[in-house]
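Tertiary structure, described
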Amino acid sequence: MRQFMQTFFAFKIIVVVLTFFTFWAAAGTGLCRDAKTVAVFPFEMNSSQDLGFLQNGLFSMLSSRLSDAGKVDVLDRQTIDSALARAKAGGLVKGAFNEGTARDLGAQMGVDYVLFGSLTHYGESISLDASMVDVSGQKDTLAFFEQSNAMGDVIPLVNAFAGDINMKVFNRNIDNKLYARPQEQNPSLGGLQYAGGGGMPAMQASRGFTTHLKMDEVIRAMATGDLNKDGRLQVVTATDSALQIYHLEGNLFTREIQLDYASYLRIIGLDVADINGNGYPEIFVTAMTIHRQTLSSFVVEYNGSSYTTLQEGLSYYFRVIDSVDGNPVLYAQDKGRGPYAGKIYIMSPANNTYREEKAIRVPRGTSVLSLARGPVRENSGDEFLSINQHHRLVLINDTGSDEWESTEKYGKTNNYWITGDQAADRTVRDRAYFNPRIKFHSVGEDRKKKVFLIKNSEFGAGSLGRIKRFKEGRVDVMSWNGIALAPVFQTVPLQGWVSDFDIADIDNDGIEELLISVVTRSKIAILAKDKTSNIISYELKN
């Protein structure tokens, strides 16, 4: 009897468990049956630029905006790509997508809806053309077409289309604000003004900067570092053929020493870092000869009592770039056929010299003087940013290819290389203008690395001839908004042009400063020569 009761209760438990799992499985099947499935196919990109990054971004944005657990399932990209490859191999998909192709392919895949479209980019304008197809044919295809004159409007366009789909296809109203990338509330960064986070006009703010130095010469480049190990930072500036070394006393820079070099030199770049590891940072000076067709760079270091030249007459452009872990790395570009054509190398110290350790992969038209390395996109590792010879900001992936290119122009300086070609107006030799440095630096309340770069604006938008004349310049602080780099903060426009900048705690108060060298004219006239320079700073305080 006891054995029978044990068997009965065991059987009862099994029945209860089986009943539970049967009910759970049925409920799960019912949920899967009720959920609508959507296949989002890669949008066709119509542009003279490589917009592969944007094609991937559109898929991610639409997937996140349409997915609704248990109600709307969006197929993953790998499944989509595999299905599309099989369809093309089988002849189901030939040429561009259309409604009939989408319905046939969707039926083959067993999905409820297929979403496809195209994005067209020309000049500054952009248009989005998309269709949401009901595979069963019971509902009319939902078509969407919008255009804008700004690349930054892609996200609002996608939000509007996703909102239409959610309302008209899935009968749900989701506020587009839910899709917006979280932003700092009333962000601030010392004296810099808020740029609106992506193309919006900057909010007006007070000047907010301190002037440390006025000089009746043109500052071509600037860098900072503790050159003599006295525990305070020095500021190094470069005029055409001399270096000036300063330290801060009160709010003003006091000159410690001026180092004069051959009068035929034209300095265009400075970097400070202890690359040889002896405790004294080297000053890497990128310089040309006066004819601007030959490089003659050199390296200077304090030896405990004076500044000495370690190497000279070098055919390299130098730039010190922080690695992902924050350590400085020396990069050098050989002369090549021009400033945007030489190979770029990571350099390593060898006794009192520097040798080419390995070449890096970057696109043609890259200059090391405007190259920086750091995390641009949140889901990426380290990437390169550069300003190319056309003054477009370029994102370079780890294979050395362009991922994204800005529509706006950045950089620009009055430092130039003579190409040897005759200019169109035959009055001057053709010039290749150099772009200034880019830096990654952690600022803002989120302390994430952001991009600092210079934006100099020409008179007449550059239509006044081959010789550049600048009306104003500023420094932008930028971050990735999911589609492109967009300004978050910026300095007020400064009359003249910004030749260089650095970020350092120059007054040793625990708050870093954005240090900027600005070149102006002695008279307010377009054709007047650059005559004077100022060094100003902003506190980068949250």
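As a starting point, this report considers the structure included with it. Being a predicted model, the structure only gives us computed values, none of them experimental. (Residues numbered from 1 in each chain as written. Predicted model: local features only at pLDDT ≥ 70, side-chain atom pairs only at ≥ 80, totals over all residues. Heavy atoms only, no water.)

So, the overall build of the protein
Let me state the cut-off plainly: Starting at the N terminus, helices and strands are each numbered in turn, a helix being any DSSP run of H or I of at least four residues and a strand any DSSP run of E of at least two. Partly exposed describes any residue whose relative accessible area lies between the buried limit of under 20% and the exposed limit of over 50%, with all areas from a 1.4 Å probe on protein chains only and scaled to the type maximum. Here, residues are in contact when the closest pair of their heavy atoms is within 4.5 Å. Calculation of accessible area relied on Shrake-Rupley with a 1.4 Å probe; when residues are assessed, cover is drawn exclusively from the protein chains displayed.
In terms of regular secondary structure, the protein is built from five helices and 34 strands. Looking at the protein as a whole, 50% of its 542 residues are labelled buried. Contacts in the protein between residues at least 24 apart in sequence constitute 51% of all its contacts with a sequence separation of at least 6. When the accessible surface of the protein is split by element, carbon and sulfur atoms take 49% of a total near 26300 Å².

Concerning the sheet that holds strand β8 (residues 210–215)
Let me state the cut-off plainly: When DSSP finds two or more bridges between a pair of strands, those strands are recorded as paired. Axis definition: a line fit to C-alpha positions, over the contact stretch in the case of helices; interaxial angles, taken between N-to-C directions, run 0 to 180 degrees.
One open sheet holds the four strands; their spatial order is β8-β34-β33-β32, and the pairing between them is antiparallel. Across the chains shown, the open sheet's two edge strands, defined by having one partner strand only, are β8 and β32 (497–504). Direction aside, neighbouring strands of the sheet carry axes that sit 20° apart on average.

A word on the sheet that holds strand β24 (residues 402–409)
The strand order β21-β22-β23-β24 describes an open sheet built from four strands, whose pairing is antiparallel. Each end of this open sheet is capped by a strand with a single partner; those strands are β21 (371–374) and β24. Here the strands of the sheet are splayed against their neighbours by 20° on average, with no regard to which way each runs. In this sheet, strand β22 (residues 383–387) lies alongside β21 in antiparallel orientation, the contact comprising four bridges. Residue pairing across strands places L371 opposite S386, the latter belonging to β22.

Comments concerning empty space enclosed by the protein
Formally: Here a cavity denotes grid points, spaced 1 Å and computed from the protein atoms alone, that fit a 1.4 Å probe unable to get out, and a pocket denotes an open set having protein on both sides within 12 Å along at least 5 of 7 lines; residues with an atom within 4 Å of a point are the lining. Grid points are joined across faces, edges and corners, and a volume is the space filled by probe spheres set on the points. Under the convention adopted here, Pro, Cys and the residues Ala, Val, Leu, Ile, Met, Phe, Trp and Tyr are nonpolar, Asp, Glu, Lys and Arg are charged, and Gly plus all remaining residues are polar.
Under the definition given, this model contains three cavities of 30 Å³ or more. What lines the largest cavity is a set of 14 residues, and nearest its centre among them are I268, N415, N435, P436 and S499. At the level of elements, β13 (265–273) and β32 are the ones that each hand at least two residues to the lining of the largest cavity. Residues belonging to the lining of the largest cavity are distributed by class as follows: five nonpolar, five polar and four charged.

Thoughts on the packing of aromatic side chains
Note the threshold: Here a pair means two rings of Phe, Tyr or Trp (six-membered ring of Trp) with centres within 6.5 Å. Their orientation is stacked below 30 degrees between planes, edge-to-face above 60, and tilted elsewhere.
Per the stated rule, a full pass over the model turns up 18 aromatic pairs. Geometrically, the ring pair formed by F284 and F318 is tilted, given 5.6 Å between the ring centres and 55° between the ring planes. Here the residue F284 occupies a position in strand β14 (residues 282–289), and F318 occupies one in strand β17 (residues 316–322), the gap between them amounting to 34 residues. The exposure classification of F284 matches that of F318, with both residues buried.

Looking at the pattern of salt bridges
As a reminder of what qualifies: Think of a salt bridge as a Lys or Arg side-chain nitrogen and an Asp or Glu carboxyl oxygen that are within 4 Å of each other.
Within the structure shown, the criterion is met by 16 salt bridges. D502 serves as the salt-bridge partner of K439, at 3.7 Å between the closest nitrogen and oxygen. Note that K439 is positioned in strand β27 (residues 438–442) and D502 in strand β32, a separation of 63 residues in sequence. One salt bridge in this structure joins E458 and K468, with 3.2 Å as the shortest N-O distance. Of the two residues, E458 sits in strand β28 (residues 449–458) while K468 sits in the loop between β28 and β29 (470–480), which places them ten residues apart along the sequence. Each member of the pair, E458 as well as K468, carries the same accessibility label: buried. What emerges from the salt-bridge pattern is a single network uniting D271, R319, R437 and D500.

Concerning unusual backbone geometry
Despite not being glycine, N171 shows a phi value in the positive range, around 55°. Its place among the elements puts N171 in the loop between α5 (154–168) and β7 (193–194). Looking at N171, the relative accessible area reads 66%, which means it is exposed. Look at K412: it is not a glycine, yet its phi comes out positive at around 75°. Note that K412 resides in the loop between β24 and β25 (416–422). With relative accessibility at 7%, the residue K412 sits in the buried group.

Let's talk about helix α4 (residues 99–109)
One turn of the α-helix equals 3.6 residues, which is why residues spaced by three or four share an orientation. Worth spelling out the cut-off: Directions pointing from the helix axis toward each C-beta atom define the arc. Residues adjacent in sequence count toward polar contacts only when both atoms are side-chain atoms; beyond that, a polar contact is any pair of N or O atoms within 3.5 Å, and within protein one must be able to donate a hydrogen and the other to accept it.
Inspection of α4 places T101, A102, L105 and G106 among the buried residues, and these make up the whole buried set. Buried residues in α4, looked at end-on, bunch into an arc of 125°, giving them a common side. Turned more than 90 degrees from where α4 packs its buried face, A107 and Q108 sit exposed. Those residues of α4 hidden inside the fold are in contact with α3 (77–89), β4 (113–122) and β5 (125–134). For α4, the N-terminal capping position is held by N98, with its side-chain oxygen 3.1 Å away from the main-chain nitrogen of G100. The first or second residue beyond α4 is G110, which carries a positive phi of 80°.

So, the nonpolar core
Under the convention used in this document: For our purposes a nonpolar core is just a set of buried Ala, Val, Leu, Ile, Met, Phe, Trp, Tyr and Cys residues, chained together by side-chain atoms within 4.5 Å. Domain start and stop positions are those given by an automatic or database domain assignment.
The biggest cluster of nonpolar side chains holds 61 residues, and the ones touching the most others in it are M132, V154, I165, L385, L393 and L485. When we break this core down by domain, the ones giving at least three residues each are domain 1 (36–178) and domain 2 (210–539). Sequence-distant contacts of V154, defined by excluding residues within four places in its chain, comprise L54, L58, M61, L119, I126 and I483. In this structure, F209, F452, V498 and I516 belong to the second largest nonpolar core, which totals 21 residues.

What to know about the pairing of β17
Within a regular beta strand, the side chains point alternately toward one face of the sheet and then the other, so they alternate between its two faces. Most of β17 is tucked away: six of the seven residues are buried. Examined bridge by bridge, β17 and strand β18 (residues 328–334) share seven bridges and lie antiparallel to one another. Across the sheet, the residue bridging to V320 is L330, located in β18. Connecting the antiparallel pair β17 and β18 is a turn made up of five residues, with G326 showing a positive phi of about 95°.

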